[in-house]
Amino acid sequence: MLATHTKDRERMRIHHLTRRHARSGLLAGLLAAASVLAVGVTVAQPGTAEAAASLKSLADAKGRDIGFALDPNRLSEGPYKQIADAEFNLVVAENAMKWDATEPNPNQFTFGQGDAVVNYAASGGKKVYGHTLVWHNQMPNWTANLSGPDLLAAMKNHIAKVAGHFKGKIFAWDVVNEAFADGGSGGRRDSILQQRIGNSWIEEAFRAARAADPGAKLCINDYSTDGINAKSTAIYNLVRDFKARGVPIDCVGFQAHLIIGQVPGDMQANLQRFADLGVDVRVTELDIRMSTPANATKLATQAADYKKVVNICLAVARCGGVTVWGITDKYSWIPGVFPGEGAALIWDENYAPKPAYQAVADALGSGPTPVPTTPVPTTPVPTTPVPTTPTPTGNCTVTYVPNSWGNGFTAEIRIRNDGPNAINSWSFGFYFPAGQQVTNAWNATVTQSGTQVNARNMSYNGALSVGGTVSFGFQGTHTGSNPSPTSFTFNGSVCRNG
Ligand code: G3I
């Protein structure tokens, strides 16, 4: 059985690699280098909108996140790191930031693995999504016998120390994970947090997280909430209640641990109803499992399902992006928990891309790439004088898209080189009108002096052809109003606002 499975997989791997490289004329030497060639190669196909280099470049162009769950110990494995480097613009720690990993003994914190995740992300200009501050699972043993008041104090201390440690480096946190019961009850999960602290434990966690890192978006995350059902409605009601009472909450994560052929038909409507409450949404832990061994039919269904999920996110304006729960089927959590099931990710055990990879690329690459309009700023009283707006030269066009909440915000900036020449490096500048402060950035090195901000290219995105575009972004804080800068310079030229 195992031998047949392995042989089938090998046949499929060779089939996919061969098809792709037959297209690009690189057949010679293919098999010997298969695992390396699986990374960052051309994914263009007839009918796809873009001759893309990677999921990352496609997602960047759409202004959405394509993330993966990282185990930093796997980065020493060549193909793992190559895919991680090339294909994703967002990283989440699969286990490294959980309570048992960060506070194995009371008030003794170990951030080595979590720091490794953050440092890896920073080295490649990727955003970091924090997972997770409070979860009934993977709580350290020492919490098991705490009384209600002691458990609440321990939870608040944990949040303060962990969110405090990573402050400014993580743009959003799963503050609370999987707090609701399975089945149709629509009630809370019967965890020790719920039993000993009572209903207030969730809002206590969100308030503590806001206090520890006011610049981070605060999310609640769960599984089997992808469609409209009793569990997702319970979270919907919680978000509505928090919004009404001023309890801080900014976003909802939909894990989407799915089974092939079972993407909920009302998933888009579900995400949209949350967005309509005024929170961001995202698909946080996508994998789509099947009974193993895989075969071509199951893989085709899986590919269609991946495409559906990505398209659903793209159709919801407040959906920040999609994160897959791992890179390769070699290291998925599924076979250990669901024996006889697996093959749920988009690269197989040998790091060959499965049909689902192409499906994700097709979804990310299709349709118009929105050119966001710059929101009209409210008129703030600047804390320092802002220079008068100079006249654009026509050498560059800029779109600046802020997304604000509480006292935090992110901004995505897209620059087009409209000048007469290709360039090899760039420097980009502007002034904040209301004293905003950058806390961390991706895809650029950003420095700030007073209200003046300067961004320089990373090693991998300095080259821009005539008409070429580059995107970068940052996270920041503001004091209540967040008007957009009005004038931008790019290699000394004043840009048009797109
Ligand atoms: O690190 C130890 C290692 O020292 C030990 O030798 C080994 C023996 O079993 O265990 C290792 O820890 C494992 C850990 O993963 C790291 O590999 C744990 O046993 C194992 O339980 C843990 O599983 C993780 C699981 O969460 C915990 O429930 C999975 O990797 C991780 O993918 C999974 O992720 C969760 C999300 O956080 C929340 N949503 C569901 C998702 C899937 O279950």
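You'll find the structure just up there.
Let me sum up the structure you'll find in this document. Values in this document were obtained by computation on a predicted structure and should not be read as measured data.

Comments concerning the overall build of the chain
A count of helical and extended segments in the chain gives 14 helices and 20 strands. For the chain, the residues scored as buried account for 54% of the 498 residues in total. Sequence separation of at least 24 residues holds for 75% of the intrachain contacts in the chain that already meet a minimum separation of 6. Working note: accessible area of the chain is about 19,500 Å², and carbon and sulfur atoms make up 54% of it.

Considering the site of the ligand
As a matter of local geometry, the ligand sits amid 14 residues, with Glu94, Lys98, His131, Glu178 and Glu285 nearest to it. Within the contact set of the ligand, a nitrogen atom lies 3.1 Å away from a side-chain nitrogen or oxygen of Gln255. At a separation of 2.9 Å, an oxygen atom of the ligand approaches a polar side-chain atom of Trp325. Expressed as a share of its isolated accessible area of 790 Å², the protein-covered part of the ligand is 46%.

Points about unusual backbone geometry
Note: most residues except glycine have negative phi, and most peptide bonds are trans. With omega at -5 degrees, the peptide bond leading from His131 into Thr132 counts as cis. Looking at the secondary structure, you find Thr132 in strand β3 (residues 127-135). A cis amide bond links Thr292 to the next residue, Pro293, at an omega of 5 degrees. Residue position: Pro293 is located in the loop between β8 (280-291) and α12 (296-315).

Considering the pattern of salt bridges
Enumeration over the complete set of coordinates arrives at 21 salt bridges. Between Lys81 and Asp85 there is a salt bridge whose closest N-O contact spans 2.8 Å. Note that Lys81 and Asp85 are positioned in helix α4 (residues 78-87) at a spacing of 4 residues, about one turn of the helix. The partly exposed category is assigned to Asp85, whose relative accessible area is 34%. Among the ionic pairs, Lys231 bridges to Asp182, the shortest N-O distance being 2.8 Å. On the criterion of sequence distance, the pair formed by Lys231 in helix α10 (residues 230-245) and Asp182 in the loop between β4 (172-177) and α8 (192-197) is long-range, its members being 49 residues apart. Given the relative accessible area of 2%, Lys231 is considered buried. Judged by relative accessible area, which is 40%, Asp182 ranks as partly exposed. A cluster of three or more residues bridged by salt bridges with shared partners is formed by Asp65, Lys127, Arg282 and Glu412.

Examining the pairing of strand β15 (residues 445-449)
Pairing of β15 with strand β16 (residues 452-456), which is carried by 5 bridges, proceeds in the antiparallel orientation. By the bridge assignment, Thr447 is partnered in β16 with Asn454. Linking β15 to β16, which pair antiparallel, is a turn of 2 residues; within it Gly450 sits at a positive phi near 60 degrees.

Comments concerning the packing of α12 against helix α14 (residues 355-365)
It is at 8 Å that the axes of α12 and α14 come closest, and there the two elements cross at 25 degrees. Between α12 and α14, the crossing angle belongs to the class labelled roughly parallel. Here α12 runs over α14; the crossing is right-handed. Across from Leu299, Gln302, Ala303, Tyr306, Lys307, Val310, Asn311 and Leu314 in α12, the residues of α14 making contact are Pro355, Ala356, Ala359, Val360, Asp362, Ala363 and Leu364.

Topic: the nonpolar core
In a soluble, globular protein the nonpolar side chains are often hidden away together inside. Residues Phe68, Trp173, Ile202, Phe206, Ile220 and Leu286 are the most contacted members of the largest nonpolar core, which totals 104 residues. Top element by residues in this core is α12. It accounts for 8 residues. Beyond its immediate chain neighbours, meaning those up to four positions away, Trp173 contacts Met97, Gly130, His131, Thr132, Leu133, Val162, Ala163, Phe166, Ala216, Lys217, Leu218 and Cys219. Counting residues in each nonpolar core, the second largest holds 24 residues, with Ile423, Ala444, Val446 and Phe488 among its members.

Parameters and conventions
- Residues numbered from 1 in each chain as written.
- Predicted model: local features only at pLDDT ≥ 70, side-chain atom pairs only at ≥ 80, totals over all residues.
- Heavy atoms only, no water.
- Helix = DSSP H or I, 4+ residues; strand = E, 2+ residues; numbered from the N terminus.
- Buried < 20%, exposed > 50% of the residue type's maximum accessible area, 1.4 Å probe, protein only.
- Contact = heavy atoms within 4.5 Å.
- Areas by Shrake-Rupley, 256 points an atom, 1.4 Å probe, with all protein chains shown as cover.
- Near = heavy atom within 4 Å.
- Polar contact = N/O pair within 3.5 Å; in protein donor to acceptor, adjacent residues only side chain to side chain.
- Salt bridge = Lys/Arg side-chain N within 4 Å of Asp/Glu carboxyl O.
- Pairing = 2+ DSSP bridges.
- Axes fitted to C-alpha atoms, helices over the stretch in contact; angles between N-to-C directions.
- Parallel < 35°, antiparallel > 145°, perpendicular 65-115°, else oblique.
- Left-handed = near helix turned anticlockwise from the far one by under 90°.
- Core = buried A, V, L, I, M, F, W, Y, C linked by side-chain atoms within 4.5 Å.

Just distances and angles here, no functional claims.
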